[in-house]
Each structure stands twice: as C-alpha cells, then as structure tokens.
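Below are the chains, spelled out letter by letter.
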Amino acid sequence: MIQITYKGADITEDVSINRCWHDMYAGGHADTLMLRVNDVHGMWDTWAPEIGDEIKVDYGTIGTGTMFLTAATPQNGTYDLRAMSAPATGFEIQNKAWQQVGLIQLGQEIAVRNGLSFASYGVEDQRYAYIQQTESDFRFLHRRAMFEGCSFLVYDKQLVLYSEAYMEAQQPSEVLTVSTDGDYKYKDNRSLLYGSCEVASGSYTGSYAAHNGASRVYKTSDPGRVGSTAEAARFAKGILRAVNKDCIGGFVHTRILPSYAAASCVELSNARAPSWDGTVFLDHIRNDYSQGMSKIFFRRLLEGY
C-alpha cells in the first residue's frame, strides 16, 4: 500500500493515486518523485500546493523520505506532483572562499546551509590550502567530491558524503537474480575507457594510470587551483574514476525489492549470461510503486582506483 504524507499530515485516505514512481541515485542527481493523483473534483487546487512543501511517500518498508515539492500541475482530471530530495537552496549560486579547509568540513557547511544533517562514510579528509566557490552548493560539492573519488546523495533531509571505492569494497548483502525470462540489458563501452588521466594547473601537473589495458589519455585543467604535484596526481585519480565508471553496466527490470538501495553493492547472478556475474554497484533505482516494479541500474566495479 502506498502511503502519502503531505506537509506532515497523512493524506492517504483523501487521494486516489494514478501513478507513482521514485528515482534514487547514487550521486550526481537528486532523488526525484513523480506522483499523479486523480483529481476530478479539483481538490488539490483548493489545497494550494506551493513549491518547497514537504512530501513523503512510503511503500511498505521503503519510501522516498522527506522530499521538497518542485512542481504541481493539473491536467485532464489529474494532478501531477513532482518533488526532489534536495532543497532548492542548494541549486542557488554562492560565492565563498576557504583557507586550510577539509573536504568533510565543506560537506558539513553545505549541509547546514541547506537545512540538512550530515554523515560521511570512508572519506579521507583531504585538506586544501585555498578553495573558492562560485557555483551552487550541490554542483560545487559534486566537483570537489569527484576530484577525491567521492560522491554524495541527499535522502530524508540528510546529506551523505561517501568514498566510492569504500562503498564498492563493502560485501554485498543481497543477490540480484535474473530469471531465465527476465527483462535485462547490459552495456559494454570498454572502448571508451581511458587508461590514464593528466591534470595540469598552474605550475603543477600530476597523472594517474589505471593499468586497465586502455591507451587513451584524459587531459584536463578543470580542477582550477592545485596546491601541489601530489594533489594534482590525486585529482587525476578521482577524475579518471569519474570518466570511466559508467562504461560497463546495465539494468534489470524486476518486481520491487525492498532491501535494495542506490549506492550499495549486490551480487549479480544471471544463468543466461554468467560471464557478467559478480559484484556490481547500484547507481540508480527507479521504483514504480503504482505497478510494484523496479528498474535497477548497475555498473561494474572499478579495480585499483
């Protein structure tokens, strides 16, 4: 059963659900909710929903956590409600500079500034001599985290910063089994892999090689100010992970599996394509609560970086 909480009140008995799906991402994108309710009597318009209103959908033991309304539009006897896990304030341009600041402190400050709690997992708290922010909080933190091989997500009003390699090293607690007539698709873009990355910034340059058999070199000066050759090499490692990580993966379409979450590992098992079996990282899950189905997107783990 789908339960809806809107502005702190349980309105499940007051609405008729037409469609409801929830997208969860491991990073790089806020979780989203699309809820379509039948509204032939125009009830939602009298409730006057406003952007930023808090809404939550629960489906048994899983759900969206508290999200923030981004759109509310009527059409043809229905009402579409869209929401995101990340508050709108995090997408506003900011200007700030730091000296001798750590990555975790950056995450904590951005969380507090946007009304979120904070947690971190496996993050090595690298320190920077000087950093200037000239973009939105979430874009800024996404870039800084990426340079360090990290990512972050926002769920239920909490910002979670984590090391991707750390999460990939966790033992999978579940097996994602593809039945013989299962709906799945794999992608193999290993021809797009880069073998190494070179970072040049000011008087410092650094590089990192993955030894993955690929010969292409990714070159960039994107990190802006770099404080040392060692920092440039560390950023090169993080950037190489970012450009390579989505090259090999796929999706499985299945009934909703409550214990599966984005940014976790599962053991993939497919009798029809056993060469692809093994531990995979879940980077996106779309739960269609109205149909009781999930589309689970995964990627192969990166080795050594």
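These remarks concern the structure in this document. (Residues numbered from 1 in each chain as written. Predicted model: local features only at pLDDT ≥ 70, side-chain atom pairs only at ≥ 80, totals over all residues. Heavy atoms only, no water.)

Quick look at the nonpolar core
Note on soluble globular proteins: their nonpolar side chains tend to be buried together. By size, the foremost hydrophobic cluster in this structure holds 36 residues, and its most contacted members are L106, Y128, I131, F138, F152, L159 and L161. Contributing elements (two or more residues each) for this core: β9 (96–102), α2 (103–113), β11 (127–133), α3 (137–147), β12 (150–155), β13 (158–163), β16 (196–201) and α5 (229–244). The leading source of residues in this core is α3, at six residues. Not counting chain neighbours up to four residues away, the residues in contact with F138 comprise A86, P87, G90, F91, I110, N114, L116, F152 and L159. Core analysis: the second largest hydrophobic core is formed by 28 residues, L193, L257, Y260 and L268 among them. (Core = buried A, V, L, I, M, F, W, Y, C linked by side-chain atoms within 4.5 Å. Buried < 20%, exposed > 50% of the residue type's maximum accessible area, 1.4 Å probe, protein only. Helix = DSSP H or I, 4+ residues; strand = E, 2+ residues; numbered from the N terminus. Contact = heavy atoms within 4.5 Å.)

Let's talk about α2
Three- or four-residue spacings in an α-helix give side chains the same orientation, since the helix completes a turn every 3.6 residues. Residues of α2 that are buried include every one of L103, I104, L106, G107, I110 and A111, and no others. Taken around the axis of α2, the buried residues stretch over an arc of 160°, which confines them to a single face. Residues of α2 that are buried sit in contact with β9, β10 (117–121), β11, α3, β12 and β13. G115 lies just past α2 and shows a positive phi near 70°. (Arc of directions from axis to C-beta.)

Points about the pattern of salt bridges
The tally for this structure, following the rule as stated, stands at 16 salt bridges. Residue R19 is joined to D288 by a salt bridge in which the shortest nitrogen-to-oxygen separation is 2.9 Å. Separated by 269 residues along the polypeptide, R19 in strand β3 (residues 16–25) and D288 in strand β21 (residues 278–288) bring together distant segments of the chain. A residue is classified by how much of its surface remains accessible, and R19, at 27% relative accessible area, is partly exposed. For D288, a relative accessible area of 12% gives the class buried. Across the pair E231 and R234 runs a salt bridge whose closest N-O atoms are separated by 3.7 Å. (Salt bridge = Lys/Arg side-chain N within 4 Å of Asp/Glu carboxyl O.)

So, the sheet that holds strand β17 (residues 204–209)
Sheet strands associate in pairs through backbone hydrogen bonding, adopting either a parallel or an antiparallel arrangement. In space, the three strands of this open sheet follow the order β17-β16-β18, with mixed pairing throughout. For this open sheet the edge positions go to β17 and β18 (217–220), each flanked by a neighbour on one side alone. Strand-to-strand, the axes of this sheet are offset by a mean angle of 15°, without reference to chain direction. Sheet strands in contact with α5 are β16, β17 and β18, and its direction is about 45° off that of β17. (Pairing = 2+ DSSP bridges. Axes fitted to C-alpha atoms, helices over the stretch in contact; angles between N-to-C directions.)

Re the packing of aromatic side chains
Counted according to the given criterion, the structure contains 15 aromatic pairs. A ring pair is formed by Y186 and W276, whose centres lie 4.4 Å apart and whose planes are at 25°; its orientation type is stacked. Within this pair, whereas Y186 is found in strand β15 (residues 183–188), its partner W276 is found in the loop between β20 (264–270) and β21, the two being separated by 90 residues in sequence. Accessibility assignment for this pair places Y186 and W276 in one class, buried. Three or more aromatic residues joined by ring pairs form one cluster here, namely Y6, W44, W47 and Y79. (Phe/Tyr/Trp six-rings, centres within 6.5 Å; stacked < 30°, edge-to-face > 60°.)

Observations regarding the state of the cysteines
Applying the stated criterion to the full structure yields zero disulfides. This cysteine, C197, is not joined by any disulfide, and C247 carries the nearest cysteine sulfur, 14 Å off. (Disulfide = S-S within 2.5 Å.)

Points about the pairing of β12
Most of β12 sits out of view: five of its six residues are buried. As paired elements, β12 and β13 share six bridges and run antiparallel to each other. What sits directly across from Y155, in β13, is Q158. The antiparallel pairing of β12 with β13 creates a hairpin that spans two residues between the two strands, and D156 there sits at a positive phi of about 50°.

By themselves, these observations are geometric and do not establish any function.
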